[in-house]
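Reading the structure
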Amino acid sequence: MNGITLQLPPELDSEVKRTLADWDQGRKMQRLWQRDASLWTNQDEAKWLGWLDIVNGTARVSPELEAFLRDIDQERFPHALLLGMGGSSLCPEVMAQTFGPVKGKPELLVLDSTDPVQVLSFRKRIDPARTLFIVSSKSGSTLEPNILFQYFWAETVKAIGQEKAGRHFVAITDPGSKMEQVAKEHRFRAIFPGRPSIGGRYSALSNFGMVPAGVMGVDLPRFLGSTLTMVEACAGSVPASKNPGGILGAVLGTLGNAGRNKVTLVTSPGIGDVGAWLEQLLAESTGKQGKGLIPVDREALASPESYGQDRVFAYLRLESAPDTAQDRAVDALAKAGQPVVRISVEEPYVLGQEFFRWEIATAVAGSVLGIDPFDQPDVEASKIETRKLTEAYEKTGSLPDEQPFLEDGPVALFADPANAMALQGSKTFSVVLRKHLGRLGAGDYLGLLAYVPMTLENEAVLQAARIRVRDAKKVATCLGFGPRFLHSTGQAYKGGPNQGVFLQVTCDDAVQLPVPGQKYTFGVVKAAQARGDFEVLAAGKRRALRVHLRGPLDAALRKLRESIDQAA
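These notes cover the structure that comes with them. For clarity, every value in this text was computed on a predicted model and none was experimentally measured.

Along the polypeptide, Ser-563 turns up in helix α22 (residues 553–567). The residues touching Ser-563, leaving out its near neighbours within four places in the chain, are Phe-429 and Leu-433.

Written out as structure tokens, the structure reads:
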């Protein structure tokens, strides 16, 4: 079983031990497994704990899934393209990045964007006539997978005709959902049910994670059999002080309450993408009511003087392929007095143990923080604002007018009245940016929210910018690509502690891509999502600035990075 080691300063170690003693005395691990909602807010938490026993039900692959996978093997699809968002896409992405491609199996690709350039890039990678499409949506009503389905269904019908198209599509959705109805009407090859008592971010070990993993060739009995070891170790009969999930949850919750709420994720390269899954689990579960954990993923490690007193470091070390530079950096942080949690992941096939451990830990941390870890009120708020804008576009053919408060060459700046007032008096973009980044103080974090294509090149430019701010301001930094982060860290940014200074980046779209059956395009949807996102940030009195980049994106992003370098 994957091990866990804590290196905590003495005062924090004592606080964690007190939390664990309280959990042991109150038999709280047992109460968690008994679905006792009074551990949290005593609302509807008991309805959302179906993930506790999902592995007991899936450790043996169902006959339906086994037959389906044999059928898919005979088809010899070169690609399987999953269309989803958030909890429906992040675990499959982790599996694809960690295990794929597997020889003789479809290469699993994951599309979770409405950016037209990104959608087209996936279209160019595949042949619809030889691709299996996995439409993954728990509710069946989520905008992004629905319009992605509309687009790729139309492309498949063009390639092979209406009669044959359904054999290229599979749905994973809750029983009775709109997507289940669509799948039946379009005669999908298969429909795999979600469990209504499992929320999206806790669904990794259910059909939402395991069906795509099976399609791409992961040995599911081996993967789930290993996971069962952690499930048993985290059982309600195991007291919190000896429970791998209970220990981690007590650390996260206790340190979060003590002001160390920036959970900085360090992952070995061979399992590097697990950080994206952990981001959603932690942020969307805990970031509400002004409380919460802010996960920090893919922020390159630095020397101890680059960090403030608001961090806790979680190092998931792949024992079969460790990174010695990471080892040295984490050792230095622990010696400098930073709290460090080390988790030993023996090899990739035991990654399912971490899915379950962190789900338990998040539920425990939610109790310690005093919140409901199973709802996401501010994600819904962004969806409502986006829906208003897209519905307005369907009626009028345009989005409502908006006016920048400053234009400087290829850059246009937007903000709500309160943020514009705080940045007033500035005549140039560089001065506004300096003022905005000057709002960062001890305990704050930078949220860089980029509604641009998620490419390696764009990510490299934005990563360099965030690191410059981290080193100059000694604050945590987060980078998210829109709209994907809306279903992940967006909840904590809007509903968590008001410690974020946000720089939203939008751009002119290089192409326009219609959504079949709609007036709006993918670019219009992305623009509506960015606007809705900003409106909810502003309503929560967050410090936020939107930078719209005009003209060629490569040059504009490089200019933005230079401006951030100077402002920081």
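After that view of the structure, there is still more to cover.
The next thing to look at is the nonpolar core. If you look at soluble globular proteins, the nonpolar side chains tend to sit buried side by side. Counting residues in each nonpolar core, the largest one holds 92 residues, and the members touching the most others are Phe-223 and Trp-358. Beyond its immediate sequence surroundings of up to four residues, Trp-358 is in contact with Leu-248, Leu-252, Leu-265, Trp-277, Leu-278, Leu-281, Leu-282, Ala-314, Leu-316 and Ile-343.

The first and last C-alpha atoms of helix α12 (residues 244–257) sit 20 Å apart over 14 residues, in line with the 20 Å expected at 1.5 Å per residue. Extensive coverage of α12 is indicated by the burial of 13 of its 14 residues. Two to three positions downstream of the cap, the backbone nitrogen of Gly-245 sits 3.1 Å from a side-chain oxygen, assigning the N-cap of α12 to Asn-243. Where α12 ends, the next residue or the one after it, Gly-259, has phi of about 95°, a positive value.

All right, on to the packing of aromatic side chains then. Each pair of aromatic rings is reported with the distance of its centres and the angle of its planes. In total, this model carries 26 aromatic pairs according to the counting rule given. Between Phe-149 and Phe-169, the aromatic rings sit 5.7 Å apart at their centres with planes inclined by 90°, giving edge-to-face as the arrangement. Residue Phe-149 is located in helix α7 (residues 143–160), and its partner Phe-169 is located in strand β5 (residues 169–173); the two are separated by 20 residues in the primary sequence. By relative accessible area, Phe-169 is classed as buried at 0%.

A few words on the pairing of strand β4 (residues 131–136). Taken across its 6 residues, β4 has 6 buried, putting it largely inside the fold. On β4, burial covers both faces: Thr-131, Phe-133 and Val-135 on one face and Leu-132, Ile-134 and Ser-136 on the other are all buried. Direction of pairing for strand β2 (residues 79–83) relative to β4: parallel, over a ladder of 5 bridges. Paired with Leu-83 across the strands is Val-135, a residue of β4. As defined by bridge partners, β4 adjoins β5 across 4 bridges and the pair is classed as parallel. For Ser-136, the partnering residue across the bridge sits in β5 and is Ile-172.

For the rest of this paragraph, the subject is the sheet that holds strand β16 (residues 543–549). Spatially, 6 strands are ordered β11-β12-β16-β15-β13-β14 in an open sheet, and the strand pairing comes out mixed. In the strand order of this sheet, the two ends are held by β11 (406–408) and β14 (476–481), each with one partner. Pairwise comparison of adjacent strand axes, ignoring direction, gives a mean angle of 20° for this sheet. Relative to β16, helix α18 (residues 429–437) is tilted by about 150°, and along the sheet it contacts β11, β12 (411–414), β13 (445–450), β15 (500–507) and β16. Packing of α22 onto the sheet brings it into contact with β15 and β16, and relative to β16 it is tilted by some 145°.

Moving on: the environment of Lys-541. Position of Lys-541 among the secondary structure elements: in the loop between α21 (522–539) and β16. For Lys-541, a relative accessible area of 69% puts it in the exposed group. Residues Lys-541 and Gly-217 lie 324 residues apart in sequence; the distance between their C-alpha atoms is 47 Å.

Looking at where Val-501 falls in the secondary structure, it is placed in strand β15. Along the backbone, Val-501 and Phe-188 are 313 residues apart, and their C-alpha atoms lie at a distance of 45 Å.

Here 5 strands make up an open sheet; going across it, the order is β1-β10-β9-β7-β8 and the pairing mixed. The two strands at the open ends of the sheet, each matched to only one other strand, are β1 (3–7) and β8 (294–296). The sheet shows a mean angle of 20° between the axes of neighbouring strands, direction not considered. Bridge count between strand β9 (residues 311–318) and strand β10 (residues 340–345): 6 bridges; the pairing is parallel. Paired with Leu-316 across the bridge in β10 is Ile-343. On the sheet, helix α13 (residues 274–286) packs against β7 (262–267), β8 and β9 and is oriented at approximately 160° with respect to β7.

Moving on: the packing of helix α1 (residues 10–25) against α12. The contact between α1 and α12 brings their axes to 9 Å, and the two run at 120°. It follows that α1 is oblique to α12 by the angle criterion. Helix-helix and strand crossings are classified by hand; for α1 and α12 the assignment is right-handed. Contacts between α1 and α12 involve Leu-12, Glu-15, Val-16, Thr-19 and Leu-20 from the first element and Gly-246, Ile-247, Ala-250, Val-251, Thr-254 and Leu-255 from the second. Classifying every residue of the contact of α1 with α12 by side-chain character gives 7 nonpolar, 3 polar and 1 charged.

Reading the values: rules and limits
- Residues numbered from 1 in each chain as written.
- Predicted model: local features only at pLDDT ≥ 70, side-chain atom pairs only at ≥ 80, totals over all residues.
- Heavy atoms only, no water.
- Helix = DSSP H or I, 4+ residues; strand = E, 2+ residues; numbered from the N terminus.
- Contact = heavy atoms within 4.5 Å.
- Core = buried A, V, L, I, M, F, W, Y, C linked by side-chain atoms within 4.5 Å.
- Buried < 20%, exposed > 50% of the residue type's maximum accessible area, 1.4 Å probe, protein only.
- Expected span 1.5 Å × (residues − 1).
- Polar contact = N/O pair within 3.5 Å; in protein donor to acceptor, adjacent residues only side chain to side chain.
- Phe/Tyr/Trp six-rings, centres within 6.5 Å; stacked < 30°, edge-to-face > 60°.
- Pairing = 2+ DSSP bridges.
- Axes fitted to C-alpha atoms, helices over the stretch in contact; angles between N-to-C directions.
- Parallel < 35°, antiparallel > 145°, perpendicular 65-115°, else oblique.
- Left-handed = near helix turned anticlockwise from the far one by under 90°.
- Nonpolar A, V, L, I, M, F, W, Y, C, P; charged D, E, K, R; others polar.

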